[in-house]
Amino acid sequence: MFCRCNLHVYREWAFCKACLPDAEAFFCWCVDPFVAFRIYTKDSPVAMAAPAMQQPSFLLANLKADSVTKHLLQRCQELVKVIDDYPAKELHLVFPWLVESILGSLDGVVVGWNLRQLQGRINEYAIALEFLHPSGPMMKLVYKLQAEDYKYEVPVSFLPGPVKAAIQEGVLPDCPLFHNKLQLPLSGLSSLSLSLNPFEYYMFFFAASLIAPRRWCENVSWSVSNRVLSVELPPGQHVSSSDSAYFVLVDAYLQYFLPTEGVVPPSPFSDARSTVAPPSPRSANMPFAGYGAHSSSLLKRHITHQPSVNADLATQEIWRSETLLQVFVEMWLHHYSLEMYQKLQSPQVKPPAPPGYGTLHTYQEPFCPSEEHVLVVRLLVKHLHAFASSLKPEPASTSPSAHSQASPLEEFKRVVISRFVQQKLYVFLQHCFGHWPLDASFRAVLETWLSYIQPWRYTGEKATPQTEGQNRSVPEKWSSFVQENLLLYTKLFQGFLNRAVRTDLVNAKNALMVFRVAKVFAQPNLPEMIQKGEQLFLEPEHVLHHRHSRVFLSPAHGGSFLSSRQPAEVDAVFKVKSHVYGLEGQDCQYTQMFGAELRAAVLKLVQIMAQARQTAKRMRACEASANQSFLSWCSWSLALDYLCQIFRLNVGQVSQLMANLASAEDELGGDRQLPDCIQGDNGLILTDLGRKQIINGLRRFEIQYQGDPELQPIRSYENATLVRFLFRVASLINQRFGGHMDALCSRTDFLGRLGRYYFTGGSARRRRGQQRSPASGGAGEGHRRPRLSLRALASYRTLLSVLLFYLLGALLSFGLLSSTGLILAASLLYGLCMALLGERLTTQ
């Protein structure tokens with residue numbers, strides 16, 4: 001067995017008897033995937049029918065060489081010429097490499113242009129945006145290849161976990177994006193791949209680059225190589241996701257392919273092949289049902305809802321809009337348990353659970369979305385609300401003929417939220433609520449949730465001068481949206497409530513999050529809409545008996561957004577029940593948002609908030625945390641008012657609860673505010689209750705410096721050089737005149753009081769009003785000897801005050817010596833006043 005080229009290392013061998021039943025034939029692919037050679041056996045004079053012969057792509061070789069030696073601007077300029085001048089046959093060989101060199105590889109090894117770190121201050125930012133713009137050269141290449149109907153393969157192993165696991169188990173996803181695209185190799189399911197057209201292939205890589213693992217270091221230099229294009233960032237500098245080239249491109253693609261005004265621009269190629277027909281049923285010679293038990297029925301159900309292949313041109317033109325949204329949703333929101341995935345596939349039938357299977361928490365994909373990922377999802381949610389809100393008002397006639405006259409884009413707007421996004425976003429947010437760390441970074445998830453449940457914010461309507469700045473009422477027309485998304489209001493509110501009681505409520509950022517949620521749900525008319533939705537869901541089941549044959553199918557359930565619109569006579573009860581059962585299954589245990597159980601949980605939160613408010617009030621006495629505690633105190637106060645409005649809590653009872661808690665804490669005293677401890681040989685030891693109190697923010701140790709005040713760590717508001725210099729000067733003075741200071745401070749007359757203020761006043765002021773921790777023992781008690789301290793002069797605030805005083809003196813025509821004398825006189829006068837009143841204030 002030999003290869004006629006005799007120059008290449010064999011990459012893969014395959015055995016075939018289909019074409020030569022009486023002889024054995026072998027073939028190989030060389031290392032270069034674009035060069036194929038015929039292979040002969042020594043015993044057979046007949047050659048096997050090899051794949052289509054492809055010549056080496058010199059264009060690709062030149063582009064690869066240029067990617068190593070030329071700057072990005074030069075490469076883009078040459079690529080523009082190549083895309084314009086070369087035929088699709090040549091560009092077809094270049095396209096996969098070009099996509100990977102720009103967007104990175106699916107495994108994260110090749111970074112590409114690193115769009116997620118590319119920002120406006122970098123020169124390559126504008127170049128990348130211009131080249132990848134929806135109407136730019138890269139998309140022109142996509143359309144050029146699209147017109148020739150080329151296909152490209154993507155391994156199934158790079159799909160999100162639930163989709164990949166389902167396909168490998170033989171369950172065909174109901175999303176049209178995966179239909180008629182699976183390539184079934186002879187080697188088995190482990191090497192399954194998707195056959196995608198150029199537009200799908202590019203968008204797949206673009207969406208996957210957001211969640212691809214990062215296997216590179218941020219602090220590397222710029223490289224013109226196609227494999228590394230990273231940014232050299234200063235240590236500790238944070239990259240804003242909303243300013244990155246990737247974020248800007250996502251927004252540009254959404255604005256272009258999902259326009260709120262006008263229509264999607266047509267392809268620049270007028271060839272009829274530039275439009276993509278709806279997927280056709282799978283041929284009989286490529287069965288999929290044999291790989292799994294669930295695939296047969298799902299596949300049949302999907303085929304029955306396929307759009308007509310003879311759809312009009314307007315229908316064909318929005319395939320890009322649908323494909324873009326499907327790719328984004330499937331790649332960004334499809335991360336949850338396999339059992340939940342199966343339930344979403346067939347919500348009307350409870351799938352049999354394999355041994356060891358359980359709830360959502362027993363089989364989780366090891367995936368935690370990044371903050372950048374969530375921010376991009378929020379951008380998608382906000383744009384889809386604006387896209388759906390741009391739907392033209394329905395005509396007076398609601399007959400089916402009137403609806404059939406609506407353009408496909410208008411029909412797409414009508415169902416884009418409910419049929420494409422609702423289910424997967426709900427489970428995605430549930431996953432984030434249950435697995436996100438209990439810190440302030442949860443704000444990204446929170447704002448994504450709040451953006452989805454407030455579609456009225458993205459209608460483009462401006463507030464009137466009378467309502468601006470007020471908590472405006474939610475228009476009644478949004479009641480149907482609230483009812484059809486009931487779980488995203490109630491179930492996720494319960495999830496947030498469970499997080500809030502376990503979060504450090506004293507932290508100002510966490511307090512702001514609770515305030516944001518309370519303010520949103522307290523909008524006038526919104527609690528009533530939610531309560532009405534719950535009442536509709538709790539209607540008796542016999543109301544739906546005569547409608548048992550009606551089934552609402554989304555694209556995720558086998559339907560199409562172009563299928564017949566649901567009957568107008570279907571009432572709100574059926575819609576709400578379909579929504580809840582579709583997301584949670586027929587056996588869901590629904591907890592009412594305004595029921596007794598959740599009301600008790602809210603009262604528990606109010607109690608914890610009251611404790612946090614008292615803690616913040618105590619912390620305001622400490623200058624270092626005064627601003628943060630004040631902000632958290634204000635946020636809790638407002639949040640309490642909003643919660644009282646939402647759940648109709650008795651304000652008097654809440655006020656009495658907080659007053660009782662405050663008085664109880666005052667009676668307990670400072671030491672009782674410590675976490676629950678026991679006295680050990682080496683000091684206090686936390687009990688299990690004390691640990692829980694610290695974790696929940698109910699109690700904390702008052703951390704104070706108990707050593708020599710002059711040896712405290714240098715603060716951020718101090719000049720390090722001045723602190724060290726002034727310490728040496730003060731040490732020399734104290735060493736030289738320490739005896740005189742002792743004698744002066746031991747006097748009982750006015751001079752003695754003045755000396756005690758200047759030579760012991762600094763430490764006395766630090767000790768005054770502070771409670772010593774029981775765990776500190778007698779630390780710091782030995783530092784009582786009078787001495788001079790000059791450290792206050794190293795504070796930036798003191799330096800700024802002195803500088804301003806000198807500037808004021810210059811404006812008043814005072815000289816340098818005169819201004820210095822005034823400063824010393826003012827300091828002496830202030831010391832005299834404090835010497836007269838200081839000891840009296842101390843005794844009080």
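Predicted model only: the values in this text are computed from it and were never measured.

### Examining the overall build of the chain
Scanning the chain for helices and strands turns up 29 helices and 10 strands. Here the chain holds 844 residues, and 46% of them are scored as buried. Sequence-distant contacts in the chain: of pairs separated by 6 or more residues, those separated by 24 or more amount to 76%.

### Comments concerning the UniProt feature "transmembrane region" (unreviewed entry) in the chain
The UniProt feature table records "transmembrane region" (unreviewed entry) at residues 794-814 and 820-838. As annotated, residues 794-814 comprises 76% helix and 0% strand, and the C-alpha atoms at either end are separated by 25 Å.

### As for the pattern of salt bridges
According to the stated counting rule, one finds 18 salt bridges in the structure shown. For lysine 181, the salt bridge is made with glutamate 200, and the minimal N-O distance between the two is 3.5 Å. With lysine 181 in the loop between α6 (161-168) and β7 (182-183) and glutamate 200 in helix α7 (residues 198-211), the pair connects residues that are 19 residues apart, well separated along the chain. Glutamate 200 shares its class with lysine 181; the two are buried. Ionic pairing is found between lysine 413 and glutamate 410, a salt bridge with its closest N-O pair at 3.4 Å. A residue pair is termed a helical-turn pair when its members lie 3 or 4 positions apart in one helix, as lysine 413 and glutamate 410 do in helix α15 (residues 408-435) at 3 residues. Each member of the pair, lysine 413 together with glutamate 410, is buried. Counted as one network, the salt bridges with shared partners bring together Arg378, Arg443, Glu447 and Arg516.

### As for the sheet that holds strand β8 (residues 193-196)
In spatial order, the strands read β6-β8-β7; together these 3 strands make up an open sheet with antiparallel pairing. With one partner strand each, in any of the chains shown, β6 (152-155) and β7 form the two edges of the open sheet. In the sheet, β6 pairs with β8 via 4 bridges, with the strands oriented antiparallel. Paired with tyrosine 152 across the two strands is leucine 196, which belongs to β8. Together, β6 and β8 form the strand contacts of α7, whose direction differs from that of β6 by roughly 35°.

### Topic: the environment of alanine 388
Within the secondary structure, alanine 388 sits in helix α13 (residues 371-389). Along the backbone, alanine 388 and arginine 414 are 26 residues apart, and their C-alpha atoms lie at a distance of 6.2 Å. Not counting residues within four places of it along the chain, the set of residues in contact with alanine 388 comprises Lys413, Val416 and Ile417.

Rules used throughout
- Residues numbered from 1 in each chain as written.
- Predicted model: local features only at pLDDT ≥ 70, side-chain atom pairs only at ≥ 80, totals over all residues.
- Heavy atoms only, no water.
- Helix = DSSP H or I, 4+ residues; strand = E, 2+ residues; numbered from the N terminus.
- Buried < 20%, exposed > 50% of the residue type's maximum accessible area, 1.4 Å probe, protein only.
- Contact = heavy atoms within 4.5 Å.
- UniProt positions renumbered as here; feature names shortened; annotations may be inferred.
- Salt bridge = Lys/Arg side-chain N within 4 Å of Asp/Glu carboxyl O.
- Pairing = 2+ DSSP bridges.
- Axes fitted to C-alpha atoms, helices over the stretch in contact; angles between N-to-C directions.

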